Amino acid sequence: MNNFQIALAESKLKIILEALTELESRKKSICETSSNEDEKADVGNELTELRLLLKPLRERAIREYGYKIINFSRALT
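For every chain, the first residue of the written sequence is number 1, and numbering continues from 1 along that sequence. pLDDT decides what is reported in this predicted model: residues at 70 or higher carry local features, side-chain atom pairs at 80 or more are listed and counted, and totals for whole chains, interfaces and linings draw on all residues regardless. The basis for the side-chain values is all heavy atoms of the structure; hydrogens and waters are excluded.

Chemist: Residue-level account of the environment of Leu23, with values.
Modeler: Inspection of the secondary structure puts Leu23 in helix α1 (residues 10–33). Counting along the chain gives 21 residues from Leu23 to Gly44, while the straight-line C-alpha distance between them is 12 Å. In this description a helix means any DSSP run of H or I spanning at least four residues, a strand means any run of E spanning at least two, and both kinds are numbered starting from the N terminus.

Chemist: So what about a nonpolar patch on the surface? Which residues, and what values?
Modeler: What makes a patch is a set of residues exposed beyond 30% relative accessible area and free of salt bridges, joined within 9 Å when like-charged and within 5 Å when nonpolar (Val, Leu, Ile, Met, Phe, Trp, Tyr). Per-residue accessibility takes into account occlusion by the displayed protein chains alone, with areas from the Shrake-Rupley method and a 1.4 Å probe. Here a salt bridge means any side-chain nitrogen of Lys or Arg lying within 4 Å of a carboxyl oxygen belonging to Asp or Glu. On the surface, Phe4, Ile6, Leu8 and Ile16 cluster together into a nonpolar patch covering about 420 Å² of accessible area. Mapping Ile6 onto the fold places it in the segment before α1.

Chemist: Describe the nonpolar core, listing the residues and the values that go with them.
Modeler: Generally speaking, soluble globular proteins have nonpolar side chains that are buried together. For our purposes a nonpolar core is just a set of buried Ala, Val, Leu, Ile, Met, Phe, Trp, Tyr and Cys residues, chained together by side-chain atoms within 4.5 Å. Whether a residue is buried, partly exposed or exposed follows from its accessible area with a 1.4 Å probe, protein chains only, as a fraction of its type maximum: under 20%, in between, or over 50%, in that order. Counting eight residues, the largest nonpolar core is built from Leu13, Leu17, Leu20, Leu50, Leu54, Ala61, Ile62 and Ile69. When residues in this core are grouped by element, the largest group, four residues, is from helix α2 (residues 37–65). Those residues within four positions of Leu54 in sequence are excluded, and the remaining contacts are Leu17, Leu20, Thr21 and Glu24. Here, residues are in contact when the closest pair of their heavy atoms is within 4.5 Å.

And the structure:
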């Protein structure tokens, strides 16, 4: 297996994490609500693969930047 490496600024990593988290949420919703078993199976497989990518990425990002990296709120503080 080849590895692809990329250096990201914190702000760019946050954008990627937010997008992947939103995609995870949408795929999870489809799995929970779809009545089409083929769709559920396909999307469920995609969700598994997505989570295999997202979990270590999220964990490493939190180690590097703290929990603020996964705070996607637009609320003003």
